[in-house]
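# Close look at the chain arrangement
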Number of protein chains: 2
Amino acid sequence: MSVLPSSVEQVINEFSRLPGVGPKSASRMAYHYLRSPNKDATKLASALEEMDREVKNCKSCFNVTDKEECSICSSQLRKKDKLCVVEEPIDVVAIEKSGVYDGMYFVLGGVISPAEGIGEEELRFKELEKRVKELLEDIKEGSILEIIVATNPSLEGEATSSYITDLFKTYLREKRIKITRLAMGLPTGADLEYADRLTLKRALEGRTDI
Amino acid sequence: MSVLPSSVEQVINEFSRLPGVGPKSASRMAYHYLRSPNKDATKLASALEEMDREVKNCKSCFNVTDKEECSICSSQLRKKDKLCVVEEPIDVVAIEKSGVYDGMYFVLGGVISPAEGIGEEELRFKELEKRVKELLEDIKEGSILEIIVATNPSLEGEATSSYITDLFKTYLREKRIKITRLAMGLPTGADLEYADRLTLKRALEGRTDI
């Protein structure tokens, strides 16, 4: 016999599905609401429902948005000759926070991962081709579209990056686009001593003049 | 200008109010739902709403329950001559999991903490007195009611423990109740080397024959 009301068990259960949340944290979260006097549980509930109702994918970049087209794609201030390809919407937030990018985005929806059964068909490569064509039409005749591949620095990210290069090889040959990749090396504050072999290799290969 | 739809911001905001959840984890949680195809966000939402609707405090022990009286207080199998006083409902779950306690509980609702502005009036001392009287009437004439103070081993927990002893001093003098406290000492798997002074002091004071 459990001492917990079933509705509490259910909330703990749902919380523990979240990334990084174990059964202990999930219980603490549920109990937080049981203790809180301000109807915080229903606030989260209605926020979740509103999110579920309002949020869709931008028709151009597939980032999350509550409009037809997201605020970045519809902005007149963003450069149309740069397209940053990321795995997930959360990566857009990360890059925007850096404050140094003023181009467009495209959200692939993941990376090619045979281990997890994610092939090319599961990702938005067709939509990416379409978007690249649109942008090529949009930008000035003669200017080059830069595709910045910003997948994570994992094996799958690398494989996806190669796939993208392959996908656009005709455009590449015609010099209508160029493809770049985020620099790899030591992160700020890292300890050389603890850096893994591959990171050090990349840091050495990518060394710059000072 | 934020790149996030306001409904997503709101969900992140609500998540980050949870204990142990920083802004980064809160974002990851929100994005987990944006990626999940199974309407998991609405599942959590309705679980939270059900919890908010169904859960109330047990009229006897103030633990969370979906009935008038919780399953422990209404059980015929639990001993009525032991009352374990805890801070929060989550502590009941922890003690029940140990599997060694067969008495009743009472949930105080916190501990006396001048620093956080929690005085005696904020806690359920009046209800505790009432409950103790009820149990004294329930148990056999001549038997002693044991109040086990199971507040956390913090300064506030100690202060609350003293307050409870004070509250029942008449009953104590009349030998109608006795008050005990959870043993303090080294936790299982602890390293003596890293134990703090107070824990070691308590472990020495409470040493037992082998």
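Above this text is the structure in question.
Residues numbered from 1 in each chain as written. Chains lettered and ligands numbered in written order. Predicted model: local features only at pLDDT ≥ 70, side-chain atom pairs only at ≥ 80, totals over all residues. Heavy atoms only, no water.

Residues and elements named next belong to chain A. As enumerated under the stated definition, the model contains 10 aromatic pairs over all chains in all. With a centroid separation of 6.1 Å and an interplanar angle of 25°, the aromatic rings of F168 and Y171 are classed as stacked. For F168, a relative accessible area of 0% translates into the label buried. Residue Y171 is classed as buried on the basis of its relative accessible area of 15%. (Phe/Tyr/Trp six-rings, centres within 6.5 Å; stacked < 30°, edge-to-face > 60°. Buried < 20%, exposed > 50% of the residue type's maximum accessible area, 1.4 Å probe, protein only.)

Another aspect to go through is the side chain of D40(B). You can see D40(B) is positioned in helix α3 (residues 40–54). Note on D40(B): relative accessible area 9%, which makes it buried. Residues contacting D40(B), with those up to four places away along its chain left out, are E14(A) and Y33(B). (Helix = DSSP H or I, 4+ residues; strand = E, 2+ residues; numbered from the N terminus. Contact = heavy atoms within 4.5 Å.)

With their axes 9 Å apart at the nearest point, helix α2 (residues 23–35) of chain A and helix α4 (residues 89–98) of chain B run at an angle of 145° to one another. Facing α2(A), whose interface residues are S27(A), R28(A) and Y31(A), α4(B) presents P89(B), I90(B) and V93(B). Taken together, the residues of the contact of α2(A) with α4(B) sort by class into 4 nonpolar, 1 polar and 1 charged. (Axes fitted to C-alpha atoms, helices over the stretch in contact; angles between N-to-C directions. Nonpolar A, V, L, I, M, F, W, Y, C, P; charged D, E, K, R; others polar.)

Now for the interface of chain A and chain B. In many reports, interface size means the accessible area that the parts give up when they come together. Every contact between the two is made by 50 residues of chain A and, on the other side, 50 residues of chain B. Carbon and sulfur atoms supply 72% of the area that chain A and chain B bury against each other, a total of about 4,700 Å² over both sides. Of all residues in chain A, V3(A), E14(A) and M51(A) give up the largest surface area on contact with chain B, accounting jointly for 13% of the area buried on that side. Linking chain A to chain B there are 2 salt bridges. For the salt bridge of R35(B) with E88(A), the shortest nitrogen-to-oxygen distance reads 3.6 Å. Put simply, chain A and chain B have 0 residue pairs in polar contact (both at pLDDT 80 or more) between them. Elements represented by at least two residues in the side of chain A that touches chain B include exactly α1 (6–15), α2, α3 (40–54), β2 (64–65) and α4 (89–98) of chain A. When residues in the side of chain A that touches chain B are grouped by element, the largest group, 13 residues, is from α3(A). (Buried area = accessible area lost by both parts, 1.4 Å probe. Salt bridge = Lys/Arg side-chain N within 4 Å of Asp/Glu carboxyl O. Polar contact = N/O pair within 3.5 Å; in protein donor to acceptor, adjacent residues only side chain to side chain.)

What follows covers the pattern of salt bridges. Counted by the stated rule, this structure contains 26 salt bridges over all chains. R181(A) serves as the salt-bridge partner of E158(A), at 3.6 Å between the closest nitrogen and oxygen. Residue E158(A) is located in helix α6 (residues 155–167), and its partner R181(A) is located in strand β6 (residues 177–181); the two are separated by 23 residues in the primary sequence. Note on E158(A): relative accessible area 24%, which makes it partly exposed. Residue R181(A) is classed as partly exposed on the basis of its relative accessible area, which comes to 25%. Note that R131(B) is salt-bridged to E134(B), the shortest N-O span being 2.8 Å.

Glancing now at the sheet that holds β6(A). Residue and element names in this part refer to chain A. Taken in spatial order, the 4 strands make up an open sheet running β4-β3-β5-β6, and their pairing is parallel. The open sheet is flanked by β4 (104–107) and β6, the only strands paired with a single partner. Across the sheet, the mean angle separating the axes of adjacent strands is 25° when strand polarity is ignored. Relative to β6, strand β5 (residues 145–149) runs parallel, the two being bridged by 5 bridges. Paired with I147 across the strands is I179, a residue of β6. Relative to β4, α4 is tilted by about 155°, and along the sheet it contacts β3 (82–86) and β4. (Pairing = 2+ DSSP bridges.)

Geometric descriptors of this kind do not, in isolation, establish any biological role.
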